[in-house]
Every structure is written in C-alpha cells, then in structure tokens.
Amino acid sequence: MKKLMQLFCMLAVFIAGGVGVAAAKINAVATIPDLAELTRRIGGDLVNVSSLATGVEDIHAVPMKPSFAVLLNRADVVVLLGLEPEHAFLPGLLEAARNPKILRDAPGYIDCSTYVSVLEVPTRLDRALGDQHPMGNPHYNLDPVAMKEAARALTDGLIRNFPEDESTFKTNLAAVEADFDTNIARWEREAAPLKGKKIVSYHPDMVYFADRFGMDPVATIEIRAGIDPTPSHIEELIDRMRREKVDIVVRERHYPAGLAETIAQRTGAKLVELPVMVDGVPEATTYVGLIDYNLQAMLKAVQGGA
Ligand SMILES: [Zn+2]
C-alpha cells in the first residue's frame, strides 16, 4: 500500500511537472516553415514552434503523418496561410487531433491571410473541376509585402489567445516589420532587370512574386491549378510562348523536371528551378534566404540570356 502511494505521488509530481512545462511556453504549430519562422520571431521566447511541411512538398499535397495529429493535439494555436492551400491535410488532421482550441473558427486557428490583397479571386466557385484555388491564389508567401501583412494577422491571432503577452508580440512585430521594409527596398532595387519579363510556371505559385517584382506570369504548364497538362495544352502553350517570347519557364521543385525542360528547349525560354517555401533548397533556410534565392535565380536567367 505504501508503495502504491509512493507511485501515486510520483505520478502526481510527474503530471504536475508536465503541465508546468507545457504552460511555460505557447505551443504553436505552423503549416509551413515560412510561417513557423514568423511565429518564432513574433512569439520570441514565449513560443515553441513546429512546422508540418518541411518546405520541399507541394503545399496542396503535404503527406499526413500520425505525429502531426499528436503535435496538433498539444497545440495552443495553429498558424496557417488560409485561402485553402492546406485543404488536403489540415482539416483531416484537425479532426484527428481532437483539440477544440484550434478548430476552424476557434481562437487558436490563426489564418494569416486576413490582410493580404488576394490575387486571382475566381468569379465563380467550381470545385467540381478540381480547382485548387477556390478562394483565389493562396501562394502569397512568395511576396514579402504579403508576408509582412501575414505577420500582422499572426500577431493579432497571438494577442487574441494570449492578451497578457500583447506588448512582447507588438515589440517583436515592429522589429519584424522593420526588417521586412529594409529587405523589400533592397529586393525591389535588385529586381529592376526583371521588369516586364514574361514567365510560365508549372503551377500558379509564382503569381504574387511576379506581381511584386514587375514580371508578367503569362500562363502555366498545368491547364489550371491542380489540373495536369494534356498534350494539346502543351502544344498550344509552346505556340503561345514562342509568339509572346516568354523569357523564363519556372519549375517549382516539387514538379517533374522533364516536361519543363522540354518546353524550355522548344521555346528558347530559360529554365529556372525554384523552391516555393523556406527550406525548399538547402540555401533557403530563412525567409530572406528564400526570396534572395528566387530573385538571384531569376536574375541569372534573364541576364545570362541577354
Ligand atoms: Zn496552388
């Protein structure tokens, strides 16, 4: 009996200790590394952050792992792009995680798209055709100005859940915004040679990036978001690219190489292979590194081909 009591006491201490540790930090789960980094910067020492995607995946098809449900079960907040790019994995995981704090419409569900000016908003919803972008284009993480807006929505979300830490979040946000401003000014200067350059990408991932830096995203290798190309689509695309003198074909690195290579060869466009998230290539371990990598790859293509 004494032994049993001892065991109970140990268990109680263990549980109390566990709860104490859990309460010490805010547990945040972000869907992509870009948002994990922002959460880490705005939450500072107050947060413990994990990312579901590693950065190399197609955001529309991040493979679900049992460990994701465990992470989400323990999460105080989930931080997402919003606009439905996480539709293939997040709703199922939230159901499996059984955590009322982070269900859609619960305070812990932090949708970072609130302040983003959404591009390519469809005039009618037609998901029967398989459109992956029912709310408009969700790939705003490749536009630093949109990500600065995302930082603001993320800060609102953290304050909503942890009002006692508002001043810390706001101080950190101000530093993040100042960094964004400095880098955005530099990127806009560096991107000057990209103005007016025409690009075709595999999927409409590059629309915000193109818009920010004055490029013209004329078409995609996919028929439209999530719809694989047919041979006739490819022939029409090649004709159009020759006519319009498209400068660059982007293969986002999670799409197959062969087709983009063939299209580049047949049209004379330069092939550029790009990550679409932080950690999508070893050189892009930070958000600044991601935009630097993509800008430099584009610049190399247009300047090399001049
Ligand atoms: Zn997409």
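Whatever comes next refers back to the structure up there.
Sequence order as written defines residue numbering, which begins from 1 separately in each chain. Totals for whole chains, interfaces and linings use every residue, but because this is a predicted model, local features are given only for residues with pLDDT of at least 70 and side-chain atom pairs only at 80 or more, for both listing and counting. By convention in this description, side-chain values take in all heavy atoms of the structure and omit both hydrogens and water.

Thoughts on the side chain of Asn137
Now for step 1: Mapped onto the fold, Asn137 is located in the loop between strand E4 (109-111) and helix H5 (144-161).
Now for step 2: A polar side-chain atom of Asn137 sits 2.8 Å from a polar atom in the side chain of Glu120.
Now for step 3: Polar contact is defined as a pair of N or O atoms within 3.5 Å, subject to the rule that within protein one atom must be able to donate a hydrogen and the other to accept it, and that residues adjacent in sequence are counted only when both atoms are side-chain atoms. Side-chain polar atoms of Asn137 contact the backbone oxygen of Pro204, separated by 2.8 Å.
Now for step 4: Residue contacts are counted whenever heavy atoms from the two residues lie within 4.5 Å of one another. Among all residues touching Asn137, those that are not within four sequence positions of it are Leu83, Val118, Leu119, Glu120, Pro204, Val207 and Tyr208. For helices the rule is a DSSP run of H or I covering at least 4 residues; for strands it is a run of E covering at least 2, with both sets numbered from the N terminus onward.

As for helix H10 (residues 287-304)
Now for step 1: One fewer than the residue count of a helix, multiplied by 1.5 Å, yields its expected span. The terminal C-alpha atoms of H10 lie 25 Å apart, and with 18 residues this matches the ideal 26 Å at 1.5 Å per residue to within 8%.
Now for step 2: Only protein chains enter the accessibility calculation, which uses a 1.4 Å probe; a residue is then buried when its area is under 20% of its type maximum, exposed when over 50%, and partly exposed in between. Where H10 is concerned, the buried positions are Tyr287, Gly289, Leu290, Ile291, Asn294, Leu295, Met298, Leu299, Ala301 and Val302.

Digging into the side chain of Asp58
Now for step 1: Mapped onto the secondary structure, Asp58 falls in the loop between strand E2 (47-51) and helix H3 (66-73).
Now for step 2: When charges are tallied, Lys and Arg are placed among the positive residues and Asp and Glu among the negative ones, while His and the ends of the chain are skipped. We define a salt bridge as a contact between a side-chain nitrogen of Lys or Arg and a carboxyl oxygen of Asp or Glu at a distance within 4 Å. Arg251 is the oppositely charged side chain nearest to the buried, salt-bridge-free Asp58, at an N-O distance of 12 Å.
Now for step 3: Those residues in contact with Asp58 that sit more than four places away from it in its chain are His254 and Tyr255.

Some points on the packing of aromatic side chains
Now for step 1: Only centres within 6.5 Å qualify two rings of Phe, Tyr or Trp (six-membered ring in Trp) as a pair; their planes then separate them into stacked at under 30 degrees, edge-to-face at over 60, and tilted for everything else. For the coordinates displayed, the defined rule picks out four aromatic pairs.
Now for step 2: Taking the centre distance of 4.4 Å and the plane angle of 10° together, the rings of Tyr202 and Tyr255 count as stacked. Of this pair, Tyr202 sits in the loop between strand E5 (198-201) and helix H7 (207-212) while Tyr255 sits in the loop between strand E7 (248-252) and helix H9 (257-267); the two residues are 53 residues apart in sequence, bridging distant segments of the chain.
Now for step 3: Take Tyr202: its relative accessible area is 5%, and that puts it in the buried class.
Now for step 4: When the ring centre of Tyr115 is taken as origin, the NZ or CZ atom of Arg152, which lies over that ring, is 3.9 Å away. Definition used: whenever NZ (Lys) or CZ (Arg) falls within 6 Å of the ring centre and also within 35 degrees of the ring normal, the charge is taken to sit over that ring.

A word on the coordination of the zinc ion
Now for step 1: Distances from the zinc ion to its protein donors, His60 (NE2), His133 (NE2), His139 (NE2) and His203 (NE2), fall within 1.9 to 2.0 Å.
Now for step 2: Coordinating N, O and S atoms are those within 2.8 Å of the metal (3.2 Å for Na, K and Ca), and as water is not part of the atoms, a site may appear to have fewer donors than expected. When four donors show all angles between 85 and 135 degrees the site is tetrahedral, when four or six donors have opposite pairs over 155 degrees and all other angles between 65 and 115 it is square planar or octahedral respectively, and in every other case it is irregular. Bound by four donor atoms, the zinc ion shows angles of 106 to 114° at the metal and therefore tetrahedral coordination geometry.
Now for step 3: When the donors of the zinc ion are listed by position in the chain, the intervening gaps give H-x72-H-x5-H-x63-H. Placement of the pair is His60 in the loop between E2 and H3 and His139 in the loop between E4 and H5, with a sequence separation of 79 residues.

Comments concerning the sheet that holds E4
Now for step 1: One open sheet holds the four strands; their spatial order is E2-E1-E3-E4, and the pairing between them is parallel. Each of the sheet's edge strands pairs with one partner strand only, and the pair in question is E2 and E4. Neighbour-to-neighbour, the strand axes of the sheet open up by a mean angle of 25°, direction not taken into account.
Now for step 2: Sheet topology places strand E3 (residues 77-80) next to E4; three bridges connect them, and they run parallel. Its bridge partner being in E4, Val79 is matched across the sheet by Ile110. By this definition, two strands are paired if DSSP reports at least two bridges between them. Lines fitted to the C-alpha atoms define the axes, with helices restricted to the stretch that makes contact. Angles between their N-to-C directions range from 0 to 180 degrees.

As for empty space enclosed by the protein
Unfilled space is identified by rolling a water-sized probe across the atoms.
Now for step 1: Buriedness of a pocket was judged along seven lines, with at least five required to meet protein on both sides within 12 Å; pockets are open sets of points on a 1 Å grid over the protein atoms alone, cavities are sets where a 1.4 Å probe fits but cannot get out, and lining residues have an atom within 4 Å of a point. Grid points are joined across faces, edges and corners, and a volume is the space filled by probe spheres set on the points. In this structure the tally under the stated criterion is two cavities of 30 Å³ or more.
Now for step 2: As a volume, the largest cavity reaches approximately 90 Å³.
Now for step 3: When residues of the lining of the largest cavity are traced back to their parent elements, those giving at least two are helix H2 (33-43), helix H6 (166-190) and H10.
Now for step 4: Looking at which element gives the most residues to the lining of the largest cavity, the answer is H6, with five residues.
Now for step 5: For this classification, the nonpolar set comprises Ala, Val, Leu, Ile, Met, Phe, Trp, Tyr, Cys and Pro, the charged set comprises Asp, Glu, Lys and Arg, and every other residue, Gly included, is treated as polar. Its residues placed into classes, the lining of the largest cavity shows six nonpolar, one polar and three charged.
Now for step 6: Its volume calculated, the second largest cavity comes out at about 60 Å³.

As for the packing of H2 against H5
Now for step 1: Relative orientation of the contacting elements H2 and H5 amounts to 55°, with a least axis distance of 10 Å. Here H5 runs oblique to H2, going by the angle between their axes. Between H2 and H5 lies a crossing whose hand is right-handed. Of H5, the residues touching H2 (which contributes Asp34, Leu35, Leu38, Thr39, Ile42 and Gly43) are Met147, Ala150, Ala151, Leu154, Thr155 and Leu158.
Now for step 2: Among the residues forming the contact of H2 with H5, the class breakdown is eight nonpolar, three polar and one charged. Angles below 35 degrees are treated as roughly parallel, those above 145 as roughly antiparallel, those between 65 and 115 as roughly perpendicular, and all remaining angles as oblique. Crossings are sorted by hand: turned counterclockwise from the far helix by less than a right angle, the near helix makes the crossing left-handed, and turned clockwise it makes it right-handed.

Considerations on the pairing of strand E8 (residues 270-274)
Now for step 1: Across five bridges, the pairing between E7 and E8 is parallel. If you follow Val250 over to E8, its bridge partner there is Val272.

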